[in-house]
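Structure assessment
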Amino acid sequence: MKILVVDDFSTMRRIVKNLLRDLGFTNTVEADDGQTALPILEAGGIDFLVTDWNMPGMTGIDLLKAVRANPKLVDMPVLMVTAEAKKEQIIMAAQAGVNGYVIKPFTAGTLKEKIEKIFERIDG
Amino acid sequence: MTNDSRLELAKKLVKALEQGKESDVNSLLDEISSQRESEMFHEVGRITRQLHDTMGGMGLDANIASITETDIPNAKERLQYVITMTEQAANDTLNVVEKLLPVSQDLNEYSEQLSEKWERFLVREMPFEEFKGMTAEITNYFKESRNALQKVQGGLNDILMAQGFQDITGQIIKKVIGLVQDVESSMVELVRISGAKSNGSKKTSEEKVLPGPVVPGVDDKAGDVVENQDDVDDLLSSLGF
């Protein structure tokens, strides 16, 4: 299981990576916005995408849309981890096809729960 | 210019016109207009002085210059510094955690191994030779755990020290809040003086900026934001997620 973590703040990437490692996911890759993330995704080998929303260059919502528009990546599970808290934004992300939405600041428990839920749904 | 003096001048003007004294007419007209002008200048001067006094009274004329020239660029730097300091603290803390996690993991595994052996010893299922080996292992475990716990202790202290940023960033942010309040009250006073009605003319250009983190009491008044993860989950499940 290879996970791509996309966030413009390196500290947040480290926190997410450490939490993922604690959950048993040791194989992670990082990108600092959608523009750097997309080529990594297109190159293949990524099984799961964790992305922030507000990033320079290409935002997380645009990355999500690009992923869903790409036939190779259309089924990629995407978890959004963001401080964006407007209801309309959450609805927008849901309509764009997000698999989970975690609001910052979050706990290790929340991240674990959402990731497990996404995998349950994929396996089921 | 009093009414009497104006009437006086008007009478003179009529008389001069009736008598056809062109030069008198012109000089009288000049006198009337110059009196008007001086009165107007006097009034403009009075308004200017009043504006200056009012601005001075609020400390505006000196303040506004220093606010725009130094305080606002300062505030930007201060806030940038807050970002730097918080990032530094987060990195320091994460470094320690990353260093200590394997230490505690190793110790945990070691103690699990030993406790399993110890259980077997207690129920007398351990041959004597193995028991001798175990005592050596226990001795080694004490040494290892002392080393590990010293590392953990040092790391915890480092984490503790890294939190020192909060004091400093708190003070910086308070200063910036103070500046924003100064700017706000100056703006309100300016709007009042100019009598302009602020009809909410701006807004459009900011619409595209992402709203970002919700600051409680500031961004949550309109009720269009979620407060926590439970709200997100409720909203998503209402959408059939």
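Residues numbered from 1 in each chain as written. Chains lettered and ligands numbered in written order. Predicted model: local features only at pLDDT ≥ 70, side-chain atom pairs only at ≥ 80, totals over all residues. Heavy atoms only, no water.

**Looking at the overall build of chain A**
Each helix and strand in chain A was counted, giving five helices and five strands. Ordered by position from N to C terminus, the α and β elements of chain A give β-α-β-α-β-α-β-α-β-α. Burial analysis of chain A (124 residues in total) assigns 53% to the buried set. Total accessible area on chain A is roughly 5,500 Å²; 51% of this is exposed by carbon and sulfur atoms. (Helix = DSSP H or I, 4+ residues; strand = E, 2+ residues; numbered from the N terminus. Buried < 20%, exposed > 50% of the residue type's maximum accessible area, 1.4 Å probe, protein only. Areas by Shrake-Rupley, 256 points an atom, 1.4 Å probe, with all protein chains shown as cover.)

**Quick notes on the pairing of strand 1 (residues 3-6) of chain A**
Residues and elements named next belong to chain A. Where burial is concerned, the two faces of strand 1 agree: the one with Ile 3 and Val 5 and the one with Leu 4 and Val 6 are both buried. Here strand 1 pairs with strand 2 (residues 28-31) via four bridges, running parallel. In the strand pairing of strand 2, Ile 3 is matched with Thr 28. At this point the chain moves from strand 1, through helix 1 (residues 10-22), to the parallel strand 2, and the crossover so formed is right-handed. In the sheet, strand 1 pairs with strand 3 (residues 48-51) via four bridges, with the strands oriented parallel. Bridging from a neighbouring strand, Val 6 pairs with Thr 51 of strand 3. (Pairing = 2+ DSSP bridges. Right-handed = clockwise from strand over helix to strand, strands pointing away.)

**Topic: the packing of aromatic side chains**
The tally for this structure, following the rule as stated, stands at seven aromatic pairs over all chains. Centre to centre, the rings of Phe48(A) and Phe119(A) are 5.1 Å apart; their planes meet at 45°, and the pair counts as tilted. Within this pair, whereas Phe48(A) is found in strand 3, its partner Phe119(A) is found in helix 5 (residues 108-123), the two being separated by 71 residues in sequence. A relative accessible area of 0% places Phe48(A) in the buried class. A relative accessible area of 15% means that Phe119(A) is categorised as buried. Note on Tyr110(B) and Tyr141(B): the rings are 5.3 Å apart at their centroids and 80° apart in plane angle, and the pair reads as edge-to-face. Here Tyr110(B), found in helix 3 (residues 60-122), pairs with Tyr141(B), found in helix 4 (residues 128-162); they are 31 residues apart in sequence, far enough to count as distant. Connected via pairs of aromatic rings, a cluster forms that spans Trp118(B), Phe121(B), Phe128(B) and Phe131(B). (Phe/Tyr/Trp six-rings, centres within 6.5 Å; stacked < 30°, edge-to-face > 60°.)

**Digging into the confidence of the model for chain B**
Residues and elements named next belong to chain B. Residues at a pLDDT of 70 or more form 90% of chain B, whose mean pLDDT is 84. By mean pLDDT, helix 2 (residues 22-57) is the weakest element of chain B at 82, and helix 6 (residues 229-238) is the strongest at 93. Within the model, pLDDT remains below 50 along residues 200-207, and this stretch shows zero contacts once partners closer than five positions in the same chain are excluded. Taken over the whole predicted complex, pTM reads 0.63, whereas the ipTM for its chain interfaces reads 0.87. (pLDDT = per-residue confidence, 0-100. Contact = heavy atoms within 4.5 Å.)

**Focus on the interface of chain B and chain A**
With 24 residues of chain B at the contact, the number on the chain A side is 26 residues. Summed over both sides, the interface between chain B and chain A buries roughly 2,200 Å², with carbon and sulfur atoms accounting for 63% of that surface. Counting the surface chain B buries against chain A, the share from its top three residues, Leu210(B), Gln229(B) and Phe241(B), is 26%. Where chain B meets chain A, there are three salt bridges. One can count 11 residue pairs in polar contact (both at pLDDT 80 or more) joining chain B with chain A. (Buried area = accessible area lost by both parts, 1.4 Å probe. Salt bridge = Lys/Arg side-chain N within 4 Å of Asp/Glu carboxyl O. Polar contact = N/O pair within 3.5 Å; in protein donor to acceptor, adjacent residues only side chain to side chain.)

**What to know about unusual backbone geometry**
Cis geometry is adopted by the peptide bond preceding Pro105(A), which originates at Lys104(A) and carries an omega value of -5°. Looking at the secondary structure, you find Pro105(A) in the loop between strand 5 (100-103) and helix 5. Positioned with a positive phi, Arg124(B) is a non-glycine residue whose angle comes to about 55°. Within the secondary structure layout, Arg124(B) lies in the loop between helix 3 and helix 4. You can call Arg124(B) exposed: its relative accessible area is 77%.

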